[in-house]
Amino acid sequence: MIINFKDNVAVAVRALKKGEILDGVAVLEDVPFGHKAALKDIKKGEDIIKYGYPIGHAKRDIQKGEWVHSHCIETNLSDITEYDCYNGENRPDLLPCERMFKGYVRPDGRIGIRNEIWIIPTVGCVNSAAVQIARLANERYSQLCDGVFAFTHPYGCSQLGDDMKMTQKALAGLANHPNASGVLLLSLGCENNNLNEFLPQLGNYDKEAVRTLVIQDEGNETEKALEIIGELAERACKQKRVSVPLSKLTIGFKCGGSDGFSGITANPLCGKITDRHTSFGGKAILTEVPEMFGAETILMKRATNRSTFDKAVSMINNFKNYYIRHGQTIYENPSPGNKDGGITTLEEKSLGCVQKGGTAPVCDVLEYGEPCRSAGLNLLTGPGNDIVSCTNLTVSGANIILFTTGRGTPLGAPVPTLKISTNSDLATRKPNWIDFDAGRLLSGISLDELADELTEKIIRIASGEETTKNEQNGYREIAIFKDGVTL
């Protein structure tokens, strides 16, 4: 498959054998499924072109028909960059939103797609207590709500400065999430992140929906917690789904365990969803800043105004500085699994990754833990790590996450995490993980047809008519981004 007419490499849609002749190109060595083969002779130092953009340069002369991968490509990426690519104001042409789904309208007007009760520890010391309470609460109250879930983590004490603030931002975003009709903040009592320190981070929160318990102050903390959750469950039982415009849904986008088809099938499919959703005023969130390196100017040029452009530049260079502060190479990516799947350089991964953002104007750039408020495509500060970035999207208000993968992963966020396979083989092998097969694009189904089908599935999931595989399997977890000293 040749993705762009400018490309000097093609992608193998099946494993190629040495000696095969394809479109006049003699394959000089075996090329694994999803990997690249040279379409022409490429000189040492010459750019390797895929998606119409450079993904690195040749470390040595490469012959036409040769396998092109880590052994013969080097990245073009450098350190901090001065960006001068502001393209002027980009304003979306908004369309009326005719599609509806059934969601829960919260007191502040935000929309939830689940009616769950979340137990959020303020400190890792109470993790086991939180898990036990969730188990007992589900036995008593699951018929009154969509389930009780504890989201454990190892932080909340012995952290200093900004590192503690990042933990507080993450937990505050979870506590305020509209998919939870009720929240129990479970505190030990002596931690740095005690309730006196933490509650101000929630802002003007709903005190009927968010309850607290300091377990050092209780004789039997389990029974007291179950009593509180019982009250939250009774309140949840009274909540009813109502019809709301699809534009009220906030969608997060994530890729993990990518392969050579991520930027050809599943990510462009998500890009089509992004373009449709933002065209009628919906919110979309794209994160994984390191996986924008090498493709960042594509996003920067789509900034709606100069201020947004400047924030995008700061986001990219600040994350590069994060690598430099820790003495790490900025472009040390992709992961071994990505490389096995055919992705060679960070530019190649990034050019595939940003496909999830479609062509929509970039309306805002969010700091870590900042809630998404602006309609349109939002860029969110955070790493590419799967668990951390899924948590990041949830914290900023994503009701649902579209997670593309070519290698497969059972990972799930606190919110429905819709897994989209980049190839049909993965969907066939791991039906207990994969919700949607985007690999069908390789068999002739059009992008618009699959986007229509995926939109209908999103509506059913958002309306509670279907659940995602991560929900069915009970795969829900969080990981908070850490950047600091632990005492």
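In this report, the structure presented in the accompanying data block is examined. These numbers were taken from a predicted model, which means no experiment stands behind them.

Criteria and thresholds
- Residues numbered from 1 in each chain as written.
- Predicted model: local features only at pLDDT ≥ 70, side-chain atom pairs only at ≥ 80, totals over all residues.
- Heavy atoms only, no water.
- Salt bridge = Lys/Arg side-chain N within 4 Å of Asp/Glu carboxyl O.
- Helix = DSSP H or I, 4+ residues; strand = E, 2+ residues; numbered from the N terminus.
- Buried < 20%, exposed > 50% of the residue type's maximum accessible area, 1.4 Å probe, protein only.
- Phe/Tyr/Trp six-rings, centres within 6.5 Å; stacked < 30°, edge-to-face > 60°.
- Disulfide = S-S within 2.5 Å.
- Axes fitted to C-alpha atoms, helices over the stretch in contact; angles between N-to-C directions.
- Parallel < 35°, antiparallel > 145°, perpendicular 65-115°, else oblique.
- Left-handed = near helix turned anticlockwise from the far one by under 90°.
- Contact = heavy atoms within 4.5 Å.
- Nonpolar A, V, L, I, M, F, W, Y, C, P; charged D, E, K, R; others polar.

1. Section: the pattern of salt bridges
The full count for this structure, using the stated rule, is 34 salt bridges. Note that E208 is salt-bridged to R235, the shortest N-O span being 3.7 Å. Placement of the pair is E208 in the loop between α3 (195–198) and β14 (210–214) and R235 in helix α4 (residues 221–237), with a sequence separation of 27 residues. A relative accessible area of 58% means that E208 is categorised as exposed. One salt bridge in this structure joins D310 and R306, with 3.3 Å as the shortest N-O distance.

2. Here's the deal with the packing of aromatic side chains
The description of an aromatic ring pair rests on the distance of the ring centres and on the angle between the ring planes. Per the stated rule, a full pass over the model turns up 10 aromatic pairs. Here Y86 and F309 contribute two aromatic rings whose centre-to-centre distance is 5.5 Å and whose plane-to-plane angle is 55°, an arrangement assigned as tilted. Taken together, the residues span a long stretch of sequence, with Y86 in the loop between β8 (73–74) and β9 (100–105) and F309 in helix α7 (residues 306–325) at a distance of 223 residues. The class of F309 is buried, set by a relative accessible area of 1%. Seen from their ring centres, F293 and Y323 are 6.2 Å apart, and the 65° between their planes marks the pair as edge-to-face. Of this pair, F293 sits in the loop between β17 (283–286) and α6 (296–300) while Y323 sits in helix α7, and the two are 30 residues apart along the sequence. With relative accessibility at 1%, the residue F293 sits in the buried group.

3. Things to note about the state of the cysteines
Scanning the entire structure with this criterion turns up zero disulfides. Summary of cysteine pairing: C97 is not part of a disulfide, and the nearest cysteine sulfur, belonging to C372, is at 16 Å. Unpaired in terms of disulfides, C372 finds its nearest cysteine sulfur in C363, a separation of 6.7 Å.

4. Let's talk about the packing of helix α1 (residues 127–141) against α4
Orientation of α1 relative to α4, taken along the N-to-C sense of each, is 45°, at an axis distance of 10 Å. As the angle between them shows, α1 and α4 are arranged oblique. In this structure, α1 meets α4 at a crossing whose hand is right-handed. Residues Q132, I133, L136, A137, R140 and Y141 of α1 form the contact with α4, whose participating residues are T222, E223, A225, L226, I229, G230 and A233. Looking at side-chain class alone, the contact of α1 with α4 contains eight nonpolar, three polar and two charged residues.

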